[in-house]
Amino acid sequence: MVKLDSVVVGGGLAGLVAAIRVAERGRRVCLVAEGQGMLPLFAGPLAVWGAGTGIDAMAAALSPGHPYRVLGAAALRAALAFFRDLTRRAGLPYVGDAEANGWVPTPLGRRYPCRLLPERMAPPQGPAVLVQLPGFLDGVARRVRAALTGAEPVVELEADRGSQVGTGWDSDRWARFLDTAPGARWILERLGDRLPPGDTLLLPAVLGVEGHEALGRALEAASGRQVREWMGWPPSPPGARLRRALVGEAARLGVDLRWGVRATLSGGPHGIEGVTVVPKPAEGTRGVELRAETVVLATGGLPGGGLVVERDGSLLDRTLGRGLAGAGSRLRLFGETPFAAAPAFAAGYPIDGRARPVDASGRPLYPNLFAAGRAVGGYDGDREASGGGVALVTAFVAGGEA
Amino acid sequence: MSASSPRIVVIGGGATGLGVIWDLALRGIRATLVEQGDLCHGTSGRFHGLLHSGGRYAVRDPRSAEECIRENRVLRRVAGPAVEPVGGYFLALPEDDPAYVRSWRAGCEAAGIPVRPVDPAEFLRREPRANPRVATVFAVPDASIDSFRLAQQLVAGARRLGARILTRHRVVAARAQGGRVVGVEVENAQGRVTLDADMVINAAGPWARRVGHVFGVEIPMVLAKGSHLIFNERLSSAVLNRLIPPDDGDILVPHDVTSILATTSLAVDEPEDVEVTEAEVALLLERGEALVPGVSGRRVLRAFAGVRPLFDPEGSPGGMRDERAITRGLSLLDHEERDGLGGLISIVGGKLTTFRLMAETAVDLALERMGLVAACRTRDTPLPGAHSPDPVPLHLERARRRLGPLYPSVLDRLRADPAQGALLCECEQVTVAEIDARAAGSRHMSDLRRQTWCAMGPCQGTFCAHRLAGRVDAPAEELVEFVTERWRGQRPVLWGQQAREAAVGRSLMAQALWPAGAGW
C-alpha cells in the first residue's frame with residue numbers, strides 16, 4: 001500500500017493541470033492514467049467561450065448547472081492566469097485575452113474562437129503567405145486562406161524527384177521529420193528567400209514537437225518573417241507539445257506519474273478510501289493499493305473513455321463503477337444530427353462550488369472526491385467552444401481543493 | 001419508330017436498371033438510363049451483400065430459390081471481383097424443427113441447389129466463433145457480392161457500348177399519344193429535359209409505384225424495410241444461415257473486412273423510410289447470438305436499412321400482410337396488357353441476386369413489343385474488370401476488387417507520381433490516385449464514398465471526410481451533409497468504443513467547421 005496526500009486519475013489536460021496545482025501546494029500527489037489522455041488529439045488553442053462575450057456577462061447568462069456558473073467568473077479568470085504562468089514556466093507560453101476571443105484558422109478555412117493560444121498560433125500580423133506541404137492531405141492551404149482575406153499567395157513546396165517526403169504523412173509524421181536535422185534543413189532551404197511578399201508565413205501546425213521552438217526561430221530568421229501555424233487534424237503536434245510541457249512541469253514538481261494503469265476507486269461511508277491500480281493489459285492481476293486523503297477524477301468523460309455508453313443507453317463511470325443519469329435510450333442520448341444539442345455531449349457529473357461531484361439533491365457523492373475536465377457535465381464544449389476553459393477552471397479548483 | 005434506332009429509356013439506377021441498360025447495350029441497343037440520385041443509393045446499396053444460393057427460399061418460395069441458384073452460377077462467372085466466393089453454411093440447433101430440415105433438403109434438391117452435409121466438429125474448426133451447440137450443418141454455394149463495385153462494372157460496360165446514364169435526373173412527367181408512351185420529362189438541378197422514347201422500362205425498385213403514378217398506372221406493391229448491422233471485423237469466413245423458416249437476424253455475411261448481420265422485415269409506407277430503430281438493433285443482436293454467441297458484445301460500426309420492393313397483386317396497394325409470405329421472385333408487368341398503356345414495362349420484386357435475370361426478362365418483353373429480335377448475351381459476357389490480365393500483389397488486391405475497370409488507370413497514376421499512393425482513407429485503404437480518378441466522373445462526396453468505400457470504415461469519416469472535401473474542393477455545407485449522413489447510420493448503434501469515437505469526431509468537426517451552420 002502506498003500512502004499519498006492526493007491521487008489524480010487521468011492524464012489529459014485537466015488531470016495534468018490539477019496534479020500540478022496540487023503539487024504546487026506542497027502535497028504529495030500521484031497521477032495515474034490509462035492512456036496518454038486526449039492531448040495528442042488536441043489542436044492546441046484553448047477555447048473558453050465561442051460567443052465572444054466577456055467572462056462576467058457570460059457567467060451571468062448561463063444556466064445554473066453550468067460549471068462556469070457553479071465555479072464563478074473569478075475562478076475562471078484565476079485559472080486562465082494560472083495556465084498562462086504555468087505554460088511560460090514550462091517553456092510553451094500561451095497568450096491571449098481572457099475577456100475577448102482571438103482566433104486560429106481551421107483546415108476548412110474557418111476561424112476557431114479561442115482565448116489562450118500557443119504563441120506560434122496567435123493570429124497573423126499583416127499580410128500572410130500560406131505554405132502547402134507536399135502530399136499534405138489534412139489541410140489545403142488554398143482552402144485555409146478563406147479564414148483570412150482569401151487572396152493570400154500560396155507557396156507550394158515540392159519534394160525532390162524520387163523522394164517520398166510527404167507522401168501519406170499526417171501532422172505527427174511531419175513533426176517527427178522536421179524535428180530531425182535533415183528535416184529542418186529541408187524546410188529551411190525551401191522557405192528562405194524568393195518568397196512572395198508578406199509579413200507572416202502561415203503553415204500547418206507541424207513544426208516539430210521537441211525542437212519546435214528552435215525550428216520556429218530558425219525559420220523566422222531564414223525567411224525574415226513572422227511564422228505562424230494554423231490548426232490541424234490529429235495526431236496533433238501542438239497537443240503533443242503541450243503534453244510534453246505539462247508532463248515536464250509535473251515531474252519537476254515531484255508528481256508521481258504512473259502511465260498505462262487502470263484505476264478503480266473504492267468508496268466508504270467517509271469518502272473514497274482507496275485507489276486500486278493495475279497494469280492496463282493485465283486485468284485480473286493483483287493491483288497496487290493507493291491510499292490518499294483526496295482524489296481528483298479527470299477521466300475524460302465520453303470522448304476520453306472515462307464515461308461509457310452502455311448498450312441500453314445508460315452511462316457508466318468506469319472508474320467509480322457508478323451509473324450516471326442518462327436519457328433512457330440511446331436514440332434520445334444522441335441527436336438526429338451530429339452537431340445538435342444532445343444529452344450525451346453534456347454528460348458528466350454535476351459539481352458543487354468546490355468541484356465535487358454531487359448527486360441529484362446537490363450533496364457531494366464523497367467529501368474527498370473532486371472532478372475536472374470532461375468528467376464534469378452540464379456543458380457542451382463543442383457547441384459552446386468552451387472545452388478548454390472548463391478543463392482549466394475545474395482542474396484549477398479541484399487541484400486547489402484536493 | 002425506326003427499327004435501326006429504337007429509343008428506350010430505363011428508369012432507376014439500381015442493380016436492375018443498370019442490368020437492363022447493360023443487357024440492351026450487349027444486344028446492340030443504345031438506351032438512356034435516368035436515376036433520381038446516385039447509382040445504387042436505394043435498395044441495391046442497402047442490403048446484406050449476400051449472393052444467395054437459394055437455400056433461404058427452398059421451402060416457401062421454390063421459384064425464387066431456383067432463380068437464385070441459377071443466377072448465383074452466372075454471376076460467379078461474369079461478375080469477377082464483385083463476387084467473393086466465400087461459401088455458406090446452413091446450421092440447425094438442437095431446438096430447431098427437424099421436420100423443417102427435411103423439407104429444406106427436399107426443397108434444395110428440387111431447386112437444384114447443391115447441399116453437402118458437414119460434420120459439426122469440422123464446421124466448428126472452420127468457423128470457431130459459430131454456435132458450438134450446432135447439431136446439423138450443410139454447406140451451400142453462398143457468396144458475398146459488392147453491389148457498388150458491380151454497379152461500376154455495369155456502368156463501364158454499358159457506357160463503352162454507347163449507353164447514356166444520367167444520374168440526379170428525376171422523372172417528373174410522362175408523355176403519351178394514342179395510348180402509347182412517347183417520352184418522359186426528367187428534371188435535374190439545371191432544369192427539365194424531355195427524352196423521346198418508344199419504350200420505357202420502369203426499374204425503380206421501391207420507387208416503381210411512384211413512377212407508375214407518373215404514367216397513370218397503379219402497381220400494387222408492399223414495401224418491406226430490412227435493417228442490418230455492420231460489424232468492425234469478419235466474424236465468420238463463410239456466410240452463416242440459420243436453418244429455420246426465414247426470420248429476423250438469421251444471416252451473417254462476411255464482407256471484405258467486415259460482417260453484416262441481417263435482417264429485420266417491417267412493412268413501411270415510403271421508400272425513404274429507412275430509419276433503424278433501437279428495437280430492431282436489439283432484436284438483431286439477440287437473434288445473432290444464435291449464430292455467433294457473444295456477437296452482441298462485438299463492435300458495431302453502423303446500422304442501415306433498405307426497402308424491398310415486393311410485388312403483391314393480391315394485397316391492396318400499400319396494404320399490410322405478412323410480407324415474408326410474398327414471393328421474392330421477380331414480376332414483370334406489361335402495362336399495355338394490364339392498363340392499356342403501350343410502351344411501358346415495369347419490373348418489380350426480385351432480389352439483387354436475380355438482377356440479371358430481371359433485366360433479361362424485361363428486355364425480352366420490350367424487344368418483343370417493339371418487334372425487334374436480338375438474343376440476350378449477359379449470361380456469358382464477363383463484365384469489364386472481371387478478369388485481371390496479370391497476377392496482382394496482395395496489397396493491391398483490395399484496390400483491384402474495388403476499382404474494377406478503373407484499376408489500370410489508377411495504376412498509371414501511381415506509376416507517374418508515387419505521391420498519388422498516399423492513403424486518403426486509412427480504414428478502407430483508399431489512395432489519392434483512386435479518389436482523383438473517380439473524381440473525374442463525379443465530384444460529389446457521397447458518390448465518391450460509394451465508389452471507393454472512403455469513410456465507410458471504423459472511423460466513419462472522422463479522419464478522412466475533411467481530406468475528401470479538400471481533395472474535391474467541396475463546400476463546407478456538403479461536408480456537413482456528408483458527416484450528417486454518416487451520423488444517421490451510426491446513431492442507432494452508438495455505444496462503447498463507437499460512441500466514444502463519434503464524440504471525438506464531433507469535437508474535431510465542430511472545431512474545423514466553426515460555426516458549423518446547418519444543424520448547429
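Computed from a predicted model, the values in this text were never measured in an experiment.

**Details of the overall build of chain B**
Each helix and strand counted, chain B has 16 helices and 23 strands in total. Taking 2.2 N^0.38 as the reference for a compact globule, 520 residues should give roughly 24 Å; the C-alpha atoms of chain B span a radius of gyration of 23 Å, in line with that estimate. In terms of its C-alpha atoms, chain B occupies a principal-axis envelope of roughly 65 × 60 × 50 Å. Counting all 520 residues of chain B, 55% fall into the buried class. A sequence separation of at least 24 residues applies to 71% of the contacts in chain B between residues at least 6 apart.

**Some details on the domain arrangement of chain A**
Residues and elements named next belong to chain A. As assigned here, chain A comprises domain 1 (2-35 + 51-100 + 260-401) and domain 2 (102-234). Taking the mean C-alpha position of each, domain 1 and domain 2 sit 33 Å from one another. Facing 13 residues of domain 1, the contacting portion of domain 2 comprises 9 residues. Those elements giving two or more residues to the side of domain 1 that touches domain 2 turn out to be α4 (73-89) and β3 (94-95). No other element matches α4, which puts 3 residues into the side of domain 1 that touches domain 2. The residue makeup of the side of domain 1 that touches domain 2, split by class, is 8 nonpolar, 3 polar and 2 charged.

**A look at the sheet that holds strand β12 (residues 191-196) of chain B**
Residues and elements named next belong to chain B. If you walk across this open sheet you meet the 3 strands as β10-β11-β12, and the pairing is antiparallel. Across the chains shown, the open sheet's two edge strands, defined by having one partner strand only, are β10 (170-177) and β12. For this sheet the average axis-to-axis angle between neighbouring strands, irrespective of direction, equals 25°. Taken together, the 6 bridges between strand β11 (residues 180-188) and β12 define a ladder with antiparallel strand orientation. Residue E185 lies in a different strand from β12, and its bridge partner there is T194.

**Observations concerning the interface of chain B and chain A**
Across the contact, 36 residues belong to chain B and 38 residues belong to chain A. Within the residue set of the side of chain B that touches chain A, elements represented by two or more residues are β22 (423-425), α14 (465-472), α15 (476-490) and α16 (496-512) of chain B. Here the side of chain B that touches chain A gets 12 residues from one element, more than from any other, and that element is α16 of chain B. The residue inventory of the side of chain B that touches chain A, partitioned by class, reads 23 nonpolar, 8 polar and 5 charged.

**Side note on the nonpolar core**
A18 and A372 of chain A together with I21 and I201 of chain B are the most contacted members of the largest nonpolar core, which has 296 residues in total. A per-element tally of this core places helix α1 (residues 13-24) of chain A first, with 9 residues. When we break this core down by domain, the ones giving at least three residues each are domain 1 (2-35 + 51-100 + 260-401) and domain 2 (102-234) of chain A. Ignoring anything within four residues of it in the chain, the contact list for I21 of chain B reads V10, A31, L33, A158, A163 and I165 of chain B.

**Structural notes on the confidence of the model for chain B**
Residue and element names in this part refer to chain B. Per-residue pLDDT for chain B averages 91, and the proportion of residues at 70 or more is 94%. Under a pLDDT of 50 for its full length, residues 316-321 has, in the predicted model, 6 contacts with residues more than four places off or in other chains. Across residues 389-395 the pLDDT falls below 50, and counting only partners more than four positions away or on other chains, this stretch makes 2 contacts in the model. Taken together, the chains of this predicted complex give a pTM of 0.85 and an interface ipTM of 0.95.

**A closer look at the pairing of strand β5 (residues 88-92) of chain B**
Residues and elements named next belong to chain B. Burial analysis of β5 places 5 of its 5 residues in the buried class, the great majority of the element. Relative to strand β7 (residues 136-140), β5 runs antiparallel, the two being bridged by 5 bridges. Considered in β7, the bridge of A92 is made with T136.

**A closer look at the sheet that holds strand β7 (residues 128-132) of chain A**
All names here are of chain A. Across the sheet, 4 strands lie side by side as β8-β7-β9-β10; this open sheet has parallel pairing. With one partner strand each, in any of the chains shown, β8 (154-156) and β10 (226-230) form the two edges of the open sheet. On average, adjacent strands in this sheet sit at an angle of 30° to one another, irrespective of strand direction.

**Let's talk about the environment of Q420 of chain B**
Residue and element names in this part refer to chain B. Here Q420 shows up in the loop between α11 (407-416) and β22. In sequence terms Q420 and A110 are 310 residues apart; their C-alpha atoms lie 53 Å from each other. Every residue in contact with Q420, bar those within four places of it in the chain, is listed here: R413, L414, T431, V432, A433 and D436.

The rules behind these values
- Residues numbered from 1 in each chain as written.
- Chains lettered and ligands numbered in written order.
- Predicted model: local features only at pLDDT ≥ 70, side-chain atom pairs only at ≥ 80, totals over all residues.
- Helix = DSSP H or I, 4+ residues; strand = E, 2+ residues; numbered from the N terminus.
- Rg over C-alpha atoms; globule rule 2.2 N^0.38 Å.
- Buried ≥ 20, exposed ≤ 12 C-beta atoms within 10 Å, placed from the backbone.
- Contact = placed C-beta atoms within 7 Å.
- Domains from an automatic or database assignment.
- Nonpolar A, V, L, I, M, F, W, Y, C, P; charged D, E, K, R; others polar.
- Pairing = 2+ DSSP bridges.
- Axes fitted to C-alpha atoms, helices over the stretch in contact; angles between N-to-C directions.
- Core = buried A, V, L, I, M, F, W, Y, C linked by C-beta atoms within 7 Å.
- pLDDT = per-residue confidence, 0-100.

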